[in-house]
Each structure stands twice: as structure tokens, then as C-alpha cells.
Amino acid sequence: MKFLVISDTHGKIEAAIEAFKSLKDIDQILHLGDYARDGSQLENKLGVPVVTVRGNMDGSYSNEDYRIIRTEFGKIYLSHGHMEAVKYSTHNLLYKAYSLGCKAALYGHTHVPMYENVGGIHLLNPGSLTMPKGGKAGSYSVIQTEQDLFKATILYWNDKRK
């Protein structure tokens, strides 16, 4: 499967729509929170399934606000990341993903893109398309999964209209 992964759109979905249209063969969009309603709007406008988790700006303050999707690669944990305190460390996120039998954990909240493999668990933060931090352009990710493959790419968005 091929996924477009976005986070922290904060009500501004235009760049996400353009990013989606620039890609080929996306099976599903994964929206990692802040604002969850943006995921519903994207699904309606683009006609592609969107899996969304709620973030702190959605009023989510429950440790149960996460999703697990099943892929041919294995289970993938989706969270906004604020409840796992990802601004300080990814240890809680890793522990939660590991305890739930997941082979990857996707999160947002920091607005900073990051991808690494820690102890066999793939960690991915796509950053933010609309409110990036860390001195880089807005960003998003594309993930491709197969039975023995998890391939993640972080892509940067240059919006020429600004």
C-alpha cells in the first residue's frame, strides 16, 4: 500500500490537496491530528480514504486517542504524539507501539519531520505542511508498505504563492 502522511494542518488543507495531486497511486491518507476535521474535508474533496487521529488542538487528552492500522508489513500505530510527550522524547511512543505489537509508529505534534528506525520499530513524523518548525519548508511523507518492506520518504513543500 502507499500512504500520504500529514500532520498539523491546523485548518489549512490547500497544500495537502496539492501534495496529494502531485503524487501517484496513493491508497490512503493518514492525518496525525491538529485538526482532525481536516482529514474529513480531505476525504470529501479527494475521494480517497483518510484515517485521522485527534490532537491536542482537537481537545484530545486521552491516552486512548490513537489508531492502529493493519498493513501487509504489519501493524502501524498512529498518534498525534502529545500524550506520549514526543516534544521531549520518543521513548513513550516507542513503548506504546512495542506493547501493542506495532512495527511502526507515526506521530505529529512537534511540526518537525523525522524518520528513524529504533530497535526495529520505524518512527516517522511527517512534520507540518502549513506551520513547519526547525527552519525548513513545510513537509509531508509518503510511505510504501509490502510484506517485508516499510519505506518512508520525507518530502518538502515549496509553496511558490507565498
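Draft legend 1. Expanded view of the packing of aromatic side chains. Following the criterion strictly, the structure yields four aromatic pairs and no others. With 5.2 Å between their ring centres and 35° between their planes, Tyr-66 and Tyr-77 make a pair best called tilted. In this pair, Tyr-66 is assigned in strand β4 (residues 66-70) and Tyr-77 in strand β5 (residues 75-79), connecting sequence segments 11 residues apart. Since its relative accessible area comes to 0%, Tyr-77 is described here as buried. Here the aromatic rings of Tyr-115 and Phe-150 are separated by 6.3 Å at their centres, their planes lie at 25°, and the arrangement is stacked. Of this pair, Tyr-115 sits in strand β7 (residues 114-118) while Phe-150 sits in strand β10 (residues 149-157); the two residues are 35 residues apart in sequence, bridging distant segments of the chain. Counting every residue linked through ring pairs, the aromatic cluster contains Phe-73, Tyr-115 and Phe-150. A cation over an aromatic ring shows up here: Lys-103 above the ring of Phe-73, its NZ or CZ 4.2 Å from the ring centre.

Draft legend 2. Region of the structure containing the nonpolar core. Counting 17 residues, the largest nonpolar core has Ile-6, Ile-29 and Leu-42 as its most contacted members. At the level of elements, β1 (2-6), α1 (14-22) and α2 (36-46) are the ones that each hand at least two residues to this core. A per-element tally of this core places α1 first, with five residues. The contact partners of Leu-42, leaving out residues within four places of it in the chain, are Ile-6, Ile-13, Ala-16, Ile-17, His-31, Gly-47 and Val-50. Phe-3, Leu-30, Val-51 and Val-53 belong to the second-largest nonpolar core, a separate cluster that totals 16 residues.

Draft legend 3. Layout of the sheet that holds β4. One open sheet accounts for five strands, arranged β4-β5-β6-β8-β7; its pairing is mixed. The open sheet has two free edges, formed respectively by β4 and β7, since each of these has just one partner strand. Pairwise comparison of adjacent strand axes, ignoring direction, gives a mean angle of 20° for this sheet. Sheet topology note: the strand β6 (residues 104-106)/strand β8 (residues 121-125) ladder contains three bridges and is parallel. If you follow Leu-106 over to β8, its bridge partner there is Leu-124. Against the sheet, helix α3 (residues 91-99) engages β4, β5, β6, β7 and β8, with an angle of about 130° to β8.

Draft legend 4. Local environment of the pairing of strand β9 (residues 138-146). Counting buried positions along β9 yields seven of nine residues, so the element is predominantly enclosed. Pairing geometry for β1 and β9, over four bridges, is antiparallel. For Leu-4, the partnering residue across the bridge sits in β9 and is Val-142. Bridge count between β9 and β10: nine bridges; the pairing is antiparallel. Its bridge partner lying in β10, Gly-138 is registered against Trp-157. Taking the residues that link successive antiparallel strands as the turn, the β9-β10 hairpin has two residues.

Conventions used here
- Residues numbered from 1 in each chain as written.
- Predicted model: local features only at pLDDT ≥ 70, side-chain atom pairs only at ≥ 80, totals over all residues.
- Heavy atoms only, no water.
- Phe/Tyr/Trp six-rings, centres within 6.5 Å; stacked < 30°, edge-to-face > 60°.
- Helix = DSSP H or I, 4+ residues; strand = E, 2+ residues; numbered from the N terminus.
- Buried < 20%, exposed > 50% of the residue type's maximum accessible area, 1.4 Å probe, protein only.
- Lys NZ or Arg CZ within 6 Å of the ring centre and 35° of its normal.
- Core = buried A, V, L, I, M, F, W, Y, C linked by side-chain atoms within 4.5 Å.
- Contact = heavy atoms within 4.5 Å.
- Pairing = 2+ DSSP bridges.
- Axes fitted to C-alpha atoms, helices over the stretch in contact; angles between N-to-C directions.

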